[in-house]
Each structure stands twice: as C-alpha cells, then as structure tokens.
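Examining the three-dimensional arrangement
So the chains spell out like this:
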Amino acid sequence: MKLSLTLPRQAWFAVFGIALLIGFGWVALRSGPLAPIKVTVTQAAKGKVAPALFGIGTVEARRAYLIGPTAAGRVRRVLVDVGDVVKAGALLAEMEPVDLDARVTSAAAAAVRARSAVATAQAQVQDTQSRQELAASEARRYDELGRKGFVGQSVVDGKLQQQRSADAQLAAAESALTSARQDLARLDADREGVKQQRVNIRLEAPADGVVTARDAEPGSTVIAGQSVLKLEDPGSLWVKVRLDQGRSAGLRVGLPAEITLRSNPRKLFAGKVVRVEPISDSVTEERLAQVAFDQMPQGVSTGEMAEVALHLPVVSGALLIPNAALRHHGAQTGVWLRADGRLRFVPVKTGEEGPDGKVQIVEGLKGGDEVVVYSERDLKDDSRIKVVDSLGGKTQ
Amino acid sequence: MISLAGRDILHSWGKFVLTGLGLGLLIGVTFTMAGVYRGMVDDAKVLLNNSGADLWVVQKDTLGPYAESSSIPDDAYRGILGMPGVAQAANVTYLTMQVRKASTDVRAMVVGFEPGQPGEPAYLVAGRRITRSHYEAVADVMTFFAVGDRIRIRRHDYTVVGLTRRMVSSGGDPMVFIPLKDAQEAQFLKDNDAIVNGRARTAANPALNRPGVPGLLDAINASQASNHNVNAVLVRVAEGHSPDAVAQTLRRWKHLQAFTRAQMEEILIAKLIAIFAKQIGMILMILTVVSAAIVAFIIYTMTLGKIREIAVLKLIGTHNRTIAAMILQQALGLGLIGFLVGKIAATIWGPAFPKYVLLLPEDAVRGFVIVMVVCTIASTLAIRAALKVDPATAIGG
Amino acid sequence: MATGVGIRIEGLSKRYGAGDTAVDALKEVNMSVAPGEVVGLIGPSGSGKTTLLKCLGAVIEPTRGRMTLGGEVIYDNGWKITDLRVLRRDRIGFIFQAPYLIPFLDATDNVALLPMLAGRSNAVARARALELLQALDVAHRARAETSELSGGEQQRVSIARALANRPPVILADEPTAPLDSERALAVMRILNKMASQYQTAIIVVTHDEKIIPTFKRIYNIRDGRTIEEAGEGRALE
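Residues numbered from 1 in each chain as written. Chains lettered and ligands numbered in written order. Predicted model: local features only at pLDDT ≥ 70, side-chain atom pairs only at ≥ 80, totals over all residues.

1. Notes on the interface of chain B and chain A
When the parts of a complex come together, some accessible area is lost, and that lost area is often taken as the interface size. To be explicit about the condition: Distance between backbone-placed C-beta atoms decides contact: two residues are in contact if it is within 7 Å. Helix numbers and strand numbers start at the N terminus; a helix is a DSSP run of H or I with at least 4 residues, a strand a run of E with at least 2. Amino acid classes used here: Ala, Val, Leu, Ile, Met, Phe, Trp, Tyr, Cys and Pro are nonpolar; Asp, Glu, Lys and Arg are charged; the rest, including Gly, are polar.
On the side of chain A, 41 residues touch chain B, which itself brings 39 residues to the contact. Of all elements in the fold, only α2 (13–50), β5 (126–127), β8 (156–164) and α12 (320–349) of chain B reach the threshold of two or more residues within the side of chain B that touches chain A. Ranked by residue count, the leading element in the side of chain B that touches chain A is α12 of chain B, at six residues. Classifying every residue of the side of chain B that touches chain A gives 22 nonpolar, ten polar and seven charged.

Encoded structure:
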C-alpha cells in the first residue's frame, strides 16, 4: 500500500503538534496564576501542650564580695590569686601601714604625756588644797581675834581674802585636773582609733569563697572603696534570666527550669526559679528572674551565657493545631478552615503554645476540623486549592 | 484549495520543527527575561504585602528601610502606638548579610521581627513558627536551608524551624527571619576584636577611666555594647482610618518619615527596579530583533530554495497573493511553533532561575501577538523576492 | 473538451531593446495548429523558438502581430485579455524541459492543483487528476511524493498537469531532451494520444532527432522566421 509511505511523516508531525498543544495546555493550567494553589491540611486534634518560657541569661554569683580598704592607701601585699579557695577570716591582702605605725606610737606617746599632765594637775590640786586649808584656818583664827579686838578689821579682811583666793586656786586646780583627765581619755580613744585603723589594713575574707579577681598588685595605690580582690561563693551561682515581657505569662517562683550553658550545649541542667525580680527592664522590655541550679555544675564561670527554658504546667485535653496554620488578617488571628469543599477564614482564640509548635485553640474550632497548614501563596476566600502531602520543603 | 504552506511544512517538517525549536528557545529566553522583570516587580509587591503593614515609619529624610538604610530608636514605636488610627506598631530590622551553614555562605536578608506583629511571614511551607524568644529562625526556601539546619548569624547559632516561600528582598536575596533582639544584636554589635579594641580605647581615655569613680568604665563599656536601634517601625492602620491621614500625622513628628504602601511601591519599583527595567527592556528588544532576523532568514532561505517552483506556479496561473500567502503562512506557522515551544520552555526552566520568574497569561497573549507580527514583518523579505520572480524563467530553463 | 481553432499566429514580431542595439527575435512569424494536432517547432538555439513560446505563453509581450488561442484573440498589437494569469491557467498547458513538479505535493495534488486554482472543489479536482493519471498509466503512483517518482513517471505527471484544466493549447518545451529514444517515443505517443483524445493543439519545441520524424507537420524557425514543412509523420504505436 503506497499510503503507508506518507503516513509516518504526517503521523510524526501530528504527534509533535499534539505533544506541543498538550504541553502548552498543561503549562497553562498547572503553573502560573491559573493553577490551583497547593496546600497541606491537618485535622485539629486533642492533645497535650507543654508550654515553656524561654530566656537567655548569664551565670552570676549570688554572693560576691568586693574586698578593699576603707581608706586610701597603698597595697603592701596580696596573698592570694585568682582561683584560690579561701576560708572565712583568712588574710587575703594587706595595705601599707604608711604612717599608721608612727601615728600609733605618737598616740601612745601623747597618752603618756597626758597621763603626766594628769599627775601634774593632781599635784597642783594637792598644793592648792594645802594652801587653801592653811588660809582657811588662818582666816578662822584671825576672825576670832578680830572679834576679840586683838587685831584690826583690815587684817581680818586681808586674811579672809587670802582664804577666798586659796579656794579659788583650789577650784582652778581641780578643774585643771578634770580637763587633764578628759584629755587623757581623748588621747586614749585616739590611740584606740589608730590601732583599729592599723587593723583595717588587713583585708580578710568575709566568708568562704573563691577569688575571682585580683585588681591591684602590691605597690598600687587604691582609694577607699576600690576593690583589691573580688571574691565569690561558688556554691551560690545562679542564672539571671531575661524573658520577653510579652512572653512571660505564668512566671513565678518554683517553676522547674532546664538550663543549657553555652560552654556545654549538649548537657541540660535542672534548676528552679528562686526569685522573680520585682523591677523589670523597661528599656529592653524584659522581665528578670533568678534561676538556681538543682545541682551545682562543675567548671562554670560567671558571665557565661546560658539558655533557660522554664516549664509551665502541662495542659491536657487541649485542642491543638500546628502554629504554622495561624494567619493574621488585620487584627484577627485565625485559620483557613476547609469545610464542605470550600475555604473559609475562621477567627480563633489561642491558648497555650508549646515549644514544638503546637498551639491550643480555645475558641473557634472543634475537634476534627480540617485546617490549612502550609500554602504556596497567600490564600483568599475564592482561592482554588489542591491538597498535597507536602510542599517539597526539605526536612531533615 | 489545498494549503500550500501546510503541505510544504509537512514535507520538510523536520527542518521546520528544528527551526521552530531553536526559535522557540530564543522566544523562551525572551519570555524569561520579561518574566524576570515581572518577578522583580512581584518581589517588591510581595515584600510589601507579606509584611502585613500599611505604613512604614523610617528615619527622617531617608527612603525607607529597603531603598536606603534607616535607623530609629527602638522605643519610638511606643509613641507611634499611641497615635490615633494606629492599630499595631512593631519594630523591624533588615540587614543583608552572609549567613553560614556548615561550610557554605548564603547571602540573605536577615529580618528581625516580633511574633504576632507586622513583619512576621504570613504563611509557611514547612516546619513551624518561632516559639522561643531567641536563636530560632524561619528561612525562605531560596536559601536552600532545610528544617532542622543549624545556621550561624554573626555570633550565634540558630536552628531553622520553618520555611517560607516568596519572601525575598527587593534585591532578590532570600529572607531569614529571627527574633528582633537577636537581629538588633547582629546588626549593631561588632565582632569580638572590634569590641576588645573599643574597650581598650575607652580604658585608655582618662576622662572615661576615672579611678575615683569605680564602675564608670564598666558602665561605659556596657552602654557601648548595647544597641537600641531598629531600621523601621511597621504600622497597621486601624479600621476606618486612612493610611494617608495617619502617615501625615506621623510625619509631623520631627524625626520620622512615614510611607504608605503606594509610596513604598513607587520607591521600590520606580527607583530600585527602574534601571533593571531599562536593561531588560533593551534585552527584550534585542531578542525580538534577533528572532525577527532568524525568522526572516529561515523563511527567505526556504523561499529561495523554491524559486523555480514559484516561477512554475506563477506560470501555470497561481495568484501572486496565493504565493505570498503561502510564504506568510509558513512564517506564521514557524512563529506559532516557536511561541508554543518558548512558552513551554520558559515555564519549565523558570523555577530553576535564581531570580523569581513570573509569567502571566497576558504576557503570553502579548507575546503571541508580537511573535505573529514579527513573523509577518520578517516574511516580507521573502515575499518580495517571490513576487519579483519572472514566470518566464520557467520556460527555456 | 477543448474546442476552438487551436493556435493561429499572424505576423508576430518581437523586438528586444531599441535603437541601435535592438534585436529582432521574431520577424513576422506565421503559424497555425489545429485542435488535436501535434506540431514540431524546430530550430537552433538563438533562433527565437523560446521567445515564440514565451509570447504564446503570455509571459512576454510581443511587439506586433496577432495571436489567437482556442478561438479567442488574445493579442492583436496589444493584449486583448486583461488577466493573462487566468489565460495561462485555463487556456494554456505548459510542459517544461524538466517535469518541474511541486516537490511538496504528491502526484495527484500536483495535477489537481490547476483545477483547484481555477476554482474547482478539491474532490472534483482530484477526481479529474486521477482520471488523467489513469490515462497516462501512472495512476498507481497517484499518492507518491514527487521525490519517489522516477523520471518518466514525473514526466507523465507533468503532462497530466498540463492537461488538468483541459486547455485548448499545450506548449511543450523540449519535453524529450533528457530521455532515451524509447522513452522519448513513449512521450510522443502520449502527447499524440492526449491531443486527439482531448482535441488539444500542441506545439512541441525540440531539436531532438529521435522524435522529429514523428511529426506530421514541422515549423522550422531560423533567425526569427518560420517556414512550414511537412514532416515524416512516422507512426507511433
């Protein structure tokens, strides 16, 4: 049949043409704006959600001490270095006494001199006393003689005046003695004071701890209040956690915590919230809490970064959906509900959210409702959708 | 009457199809170029739409967070929130930087956002939204990260927990969303060496390092290391208020500028994309001219190869217009094949392009019309040659 | 069926150029061919036979003279027909030195093309084509592509094409030049058969010694002038 010769050619061309048209049709329908939007759906189901608060913080020592002199001076010697473990009362460093020793000696000498002054005043009192007694007895005798008319009145007056003068001199000597005594007391106190200062140049450990900083070397001059050494109690380490104010609902003392240290990210330490700071950071909008370790970890330094997860009570029987299903339309939060083959935006009210992404729906959905989780594009009420298993985003 | 053009095409269909394929690939490139431009415009629109914002509040005298860098204090949003007509106001930061994953670097725009506020990606294609306040990230699929990957941004490692699609910057860089505080730190905090140097310089300054004021140096270092800036505040306008009116109110604040969505579109499209538009326009023109030249050449060659037959046809009484129609139909047929192949090819290889290629149906229609017009014009060369043939040449050989 | 008086040429002259460089290709040529007659036009190259064919084929305009085809005056010191193309299509059949079939049409459509151009429906045109192909003993190759036909088959198809619109006149230009004597004679046999069957006046321009003896009448053309002669009229079986 001669016909068959021409057929293959026309057939091939027809095949090509049809393939082209099919390809074009496929292209037009499957991609571009005409194509339906691929989505994945899931059903809202009841389950448990374990909400957690999350924050980052730094490891700090609850009890830390700044060891320094109460007066300006020069450091004489420092007996410990960073890392040393010290006991309460141990001598850590010493300031130069400078002139303190001389001042102690001078105070002692002054006290001694004051004592001699007291003795002198005492002697003076005795002296004036004896003169006063003599003047008094003479005044009495002459007074009698005057009355008897044996001596003139002026002589009697003279003797009376002598008695009065001797009284006054006695009083003066007595008060001089008192003031000499007071002076002695003052100089004694001064001496005690200098002695106390002499003691204060000894810097001692106020409690057991570990030296964390050595801020001044022997020979350096420090002022009052400047630290020579810093000490901290390693058993008092805790984590100062900062939590976003907006996501800190339920923060209270006693919440169990999981602490991850930056230096040891694979190990989880258990802990507990021991204090919620009454003052929050208004600039960074964070609340502050202190979380203590249940068991003090070894080899931890202060200032180290830590991530803390605080576990709030588990909510059971909650209606859960993945948080990827939530959409925001203006002020409303909601989900795209697939019901009766149609798509509808349903506002919902959310409750707790777990770190795994499951969020509790308090209002708006019931169990078994099908919601759109992932979508290729933003959805609208009249979007045509095509439900697929996954959108091809790679997961490990 | 049979179709001479159809028969001729059928007869040398292989040559025709191959030429059509070649032309089609060229047309496909043309479509792709146009699609790249549309994609860029769409990138800009999607960027603006997906942010969920009605207004962008930025540093005064700058052109918004995308076209120009802008820096405003991060507590400015509080004042904005208190203004009439403002329903939501949220800080955002944008920074284009390299994001490391294992040994590879990806250039991405790192966006700092607050969950539930404008600036958050509207929808995901995998994974979940961020639940922790630090060190979690949502990345666009164009970064080629997978859910569960650990990526490094500046000083910290982040876990990718979710993936988005079509979240790209106006420059085409895919976006990576991280919590605002982490983004602020990434943007404004320097690396370790710089910080150490800074501390040394501060310590060497006697005005700042006073022995009589213990704690002063530490306070200064702390203040230098902290950052309280963001790039923009995204505002959602309340129901019943006009964005223009609210923007006007915000602009009265002396240190801030506010743009509505229309203004942002204009900035992005008119200013950022304008140069690309010109480039792509020129490329499209060149490609069109090249396609026209190819069609003209092919049809002319095919016609020249038929000169003798055309003389015979004319001699035995074929209309000039029948012959012209044959040539024209061949050119249009070639154009049709080229168009179909081109459209299919552009759709197939479009997703493989690093930039988003958007092909709209109206572009296909427009492209079809242009292809047909170009083929018609290109065929005039061959038609002129055919018409000039003298039928007498068939006699006497 | 073709009717009319065949071909009559009276005083046909053709001058190329003007003035000093003018060339008179045809000088007062007179010719007549009756319907059903096959006449030879013999002459050396440059004698003007091609020019005469072109004038008769209405592709060049003569300078002077009168041409009558199929009873219709087509030229009388000026074209008397407005549309020469239609004339060529409906009234003249052309057979060329080579078959000159359209390569992208099959045998049937090559022949059917002419009736289609004349406005006949495809079915009618193809029916007529098949009829002609049968008459030429080549119907079994009706659907073959041009490239699949042998030289002789192509020749016969081209003859069928020339006859497709039943023209009163056929102009054949060296139809047997590439053929051997057996085939050449076969072609002449066909031409004669077709001429008498369809009452067509056929002019055969040739200088092929093999077929010259078959003509009953011959026109010798030299230097643009024709002389009528009697031919041998050898019989063709």
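Alright, that's what it looks like, and here's the rest.
2. Here's the deal with the packing of α2 of chain B against α12 of chain B
Residues and elements named next belong to chain B. Operational definition: Axes here mean lines fitted to C-alpha atoms, for a helix over just the part in contact, with angles spanning 0 to 180 degrees between N-to-C directions. Every angle not falling under 35 degrees, over 145, or within 65 to 115 is termed oblique; those three ranges are roughly parallel, roughly antiparallel and roughly perpendicular. Throughout, a crossing is termed right-handed when the near helix is turned clockwise from the far one, and left-handed when it is turned anticlockwise from it by less than a right angle.
In the contact formed by α2 and α12, the axes pass within 6 Å of each other and the chain directions differ by 50°. Here α12 runs oblique to α2, going by the angle between their axes. Classified by chirality, the crossing of α12 by α2 is right-handed. When its residues are assigned to classes, the contact of α2 with α12 shows 14 nonpolar, eight polar and one charged.

3. Considering the pairing of strand β22 (residues 358–363) of chain A
Residue and element names in this part refer to chain A. Heads up, the condition is: Strand pairing is defined by DSSP finding a minimum of two bridges between the two strands.
Where strand β17 (residues 315–322) and β22 come together, three bridges link them in antiparallel fashion. Bridging from a neighbouring strand, I321 pairs with V359 of β22. Summarising the sheet, strand β21 (residues 349–353) and β22 pair through three bridges and their orientation is antiparallel. Bridged to T350 within β22 is I361. In this structure, the hairpin formed by β21 and β22 is closed by a connection of four residues, where G357 is found at a positive phi of approximately 95°.

4. Description of the packing of helix α3 (residues 107–117) of chain C against helix α5 (residues 151–163) of chain C
Residues and elements named next belong to chain C. The contact between α3 and α5 brings their axes to 7 Å, and the two run at 20°. When the axis of α3 is compared with that of α5, the two are roughly parallel. Every pair of crossing elements has a handedness; the one defined by α3 and α5 is right-handed. Between α3 and α5, the residues in contact are A107, N110, V111 and L114 and V157, A160 and R161, respectively. Considering only residue class, the contact of α3 with α5 consists of five nonpolar, one polar and one charged.

5. Some thoughts on unusual backbone geometry
All names here are of chain C. One non-glycine residue, A58, lies in the positive phi region at around 60°. Mapping A58 onto the fold places it in the loop between α1 (49–56) and β4 (64–69). Positioned with a positive phi, D137 is a non-glycine residue whose angle comes to about 65°. Within the fold, D137 resides in the loop between α4 (122–135) and α5.

6. Some points on the confidence of the model for chain B
The criterion, for reference: pLDDT measures how confident the predictor is about each residue, on a scale from 0 to 100.
Looking at chain B, the pLDDT average stands at 87 and 99% of residues meet or exceed 70. In the predicted assembly, ipTM is 0.87 and pTM is 0.71.

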